[in-house]
Amino acid sequence: MPNAALTAVITGAAGEIGIAIAERLANAGYRLVLSDLDLSRLDTLAADLPAHSVLATQRHDVASMADAEALAKTCATLRTGTLRTGIDCVVCSAGLYEDLAIEEVGPEEWRRSMAVNLDGTFYTVQALRPYLSEGSAVVNIASVAGHRGSVSHTPYAAAKGGVLTLTRSLAQELAPKTRVNAVSPGLIDTRMIQALDADKRNAMVAAMPLQRLGTAAEVADVVVFLASPAAGYITGETIHVNGGHYLHS
Ligand SMILES: NC(=O)c1ccc[n+]([C@@H]2O[C@H](COP(=O)([O-])OP(=O)(O)OC[C@H]3O[C@@H](n4cnc5c(N)ncnc54)[C@H](O)[C@@H]3O)[C@@H](O)[C@H]2O)c1
């Protein structure tokens, strides 16, 4: 395996978007450090990735700073071994989408959403920052909900709105060494949106210009672009991947 290979860290890598990103980055020549709350699902999915692309898998609750530091420690260990030049790409894809009307949101529900969706993104980037290579890229997975708000998903939408602002702040703090951007998916065909009421989902799809759900691969392709030198002059930005849903919801 060439030492010159690029290295990417992906959180929430056992998610459908996370694993699609892992697959695309592996095909683009990255070696991967993959983390998720659900390590057994992650290990099962990682076994299907291209041979030799996975450097490590790790159980990582993004809401825990201690877990973020443990992930950074793994990267530090790899740095003295296979990972010689540091981390070239960090993708924060872990997320929690809960369908809760406002009266169902207590302090616990509110904090859980903030902890996973917002704190988790910050803790991950902060802990991995010392290992980022020159010219590296962070890509945070936000959501159309972070721009438009979302009925029955108030904590999620607020946290994702925070991810957008966090992205712009980090883009300034980590420059010029690291570019920081976000991708805001709309309705992507993964298990995450299965909780959405089917009639509501069908109505949203019918109203959007491209009239279909997006795929995890379509989100992953944009992440790979933002990580690549082709996006070398882009930082602090958000790319929407939503079939025009943003225009018509
Ligand atoms: N699917 C969509 O339509 C959609 C739309 C907009 C944004 N997104 C965002 O895309 C990202 C990926 O979502 P997905 O569709 O692949 O969903 P998914 O449910 O398949 O994946 C989410 C992953 O996050 C992991 N996770 C949950 N809590 C965690 C925690 N505390 N620590 C670490 N990992 C944790 C889960 O185990 C899971 O593997 C999320 O950030 C989500 O908010 C998805």
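What you see is a predicted model; the values in this text were computed from it and never measured.

**Q** When you look at the environment of Pro-209 in this model, what are you seeing that I'm missing?
**A** Mapped onto the elements of the fold, Pro-209 is located in the loop between helix 7 (198-207) and helix 8 (216-227). With 35 residues separating them along the chain, Pro-209 and Gly-244 place their C-alpha atoms 5.3 Å apart. Not counting residues within four places of it along the chain, the set of residues in contact with Pro-209 comprises Gly-243, Gly-244, His-245, Leu-247 and His-248.

**Q** How do you make sense of the pairing of strand 3 (residues 54-59) when you look at a structure like this?
**A** On a regular strand, each side chain points to the face opposite its neighbour's, so the side chains alternate between the two faces of the sheet. Summarising the sheet, strand 2 (residues 30-36) and strand 3 pair through five bridges and their orientation is parallel. Bridging across to strand 3, Val-33 finds its partner in Ala-56. For the crossover that starts at strand 2, traverses helix 2 (residues 39-46) and ends in the parallel strand 3, the hand is right-handed.

**Q** Sorry, what's going on with the side chain of Asn-117 here?
**A** Inspection of the secondary structure assignment puts Asn-117 in helix 4 (residues 107-128). Looking at Asn-117, the relative accessible area reads 0%, which means it is buried. Here the side chain of Asn-117 touches Leu-96 through a polar contact of 2.9 Å, landing on its backbone nitrogen. Residues within four places of Asn-117 in sequence aside, it is in contact with Ala-94, Gly-95, Leu-96, Tyr-156, Ala-159, Lys-160 and Val-163.

**Q** Is there a simple way to explain the packing of helix 4 against helix 6 (residues 154-173) in this structure?
**A** Helices that pack against each other are described as a pair by the angle of their axes relative to one another and the distance between those axes. Running from N to C, helix 4 and helix 6 cross one another at 15°; their axes reach a closest spacing of 8 Å. Classed by the angle they form, the pair helix 4 and helix 6 counts as roughly parallel. The handedness of the crossing between helix 4 and helix 6 is right-handed. Of the residues in helix 6, those touching helix 4 at Trp-110, Ser-113, Met-114, Asn-117, Leu-118, Thr-121, Phe-122 and Val-125 are Thr-154, Pro-155, Tyr-156, Ala-158, Ala-159, Lys-160, Gly-162, Val-163, Leu-166 and Leu-170. Class assignment of the residues belonging to the contact of helix 4 with helix 6 gives a composition of 12 nonpolar, five polar and one charged.

**Q** Which parts of the structure should I look at to understand a negative patch on the surface?
**A** On the surface, Asp-99, Glu-103, Glu-104, Asp-197 and Asp-199 cluster together into a patch of negative charge. Take Glu-103: its relative accessible area is 68%, and that puts it in the exposed class.

Criteria and thresholds
- Here the residue numbering is sequential within each chain, running from 1 through the sequence in written order.
- Owing to the predicted nature of the model, reporting of local features is limited to residues with pLDDT of at least 70; listing and counting of side-chain atom pairs is limited to 80 or more, with chain, interface and lining totals taken over all residues.
- The side-chain values count all of the structure's non-hydrogen atoms but skip hydrogen atoms and water molecules.
- Numbering goes from the N terminus for both helices and strands, where a helix is a DSSP run of H or I of at least four residues and a strand is a run of E of at least two.
- Any two residues whose heavy atoms approach within 4.5 Å are treated as being in contact.
- We treat two strands as partners when DSSP finds at least two bridges between them.
- A clockwise path from the first strand over the helix to the second, with the strands pointing away from the viewer, defines a right-handed crossover.
- Partly exposed residues are those whose accessible area sits between 20% and 50% of the maximum for their type, while under 20% is buried and over 50% is exposed, using a 1.4 Å probe and protein chains only.
- Within 3.5 Å is the distance limit for a polar contact, defined as a pair of N or O atoms, with the added protein rule that one can donate a hydrogen and the other accept it, and that residues adjacent in sequence qualify only through two side-chain atoms.
- The axes used here are C-alpha line fits, helices contributing only the stretch in contact, and every angle between their N-to-C directions lies in the interval 0 to 180 degrees.
- Orientation labels follow simple angle bins: below 35 degrees gives roughly parallel, above 145 gives roughly antiparallel, 65 to 115 gives roughly perpendicular, and whatever is left gives oblique.
- Two helices that cross are described as forming a left-handed crossing if the nearer one is turned anticlockwise from the farther one by less than a right angle, and a right-handed crossing if clockwise.
- Throughout this entry, Asp, Glu, Lys and Arg are counted as charged residues, while Ala, Val, Leu, Ile, Met, Phe, Trp, Tyr, Cys and Pro are counted as nonpolar. The remaining residues, Gly among them, count as polar.
- Patch definition: residues with relative accessible area over 30% and no salt bridge; like charges joined within 9 Å; nonpolar side chains (Val, Leu, Ile, Met, Phe, Trp, Tyr) joined within 5 Å.
- Calculation of accessible area relied on Shrake-Rupley with a 1.4 Å probe; when residues are assessed, cover is drawn exclusively from the protein chains displayed.
- The rule for a salt bridge is simple: a side-chain nitrogen of Lys or Arg has to be within 4 Å of a carboxyl oxygen of Asp or Glu.
- Only four residue types enter the tally: Lys and Arg on the positive side, Asp and Glu on the negative side, with His and both chain ends excluded.
- Note on charges: their place is set at NZ of Lys, CZ of Arg, CG of Asp or CD of Glu.

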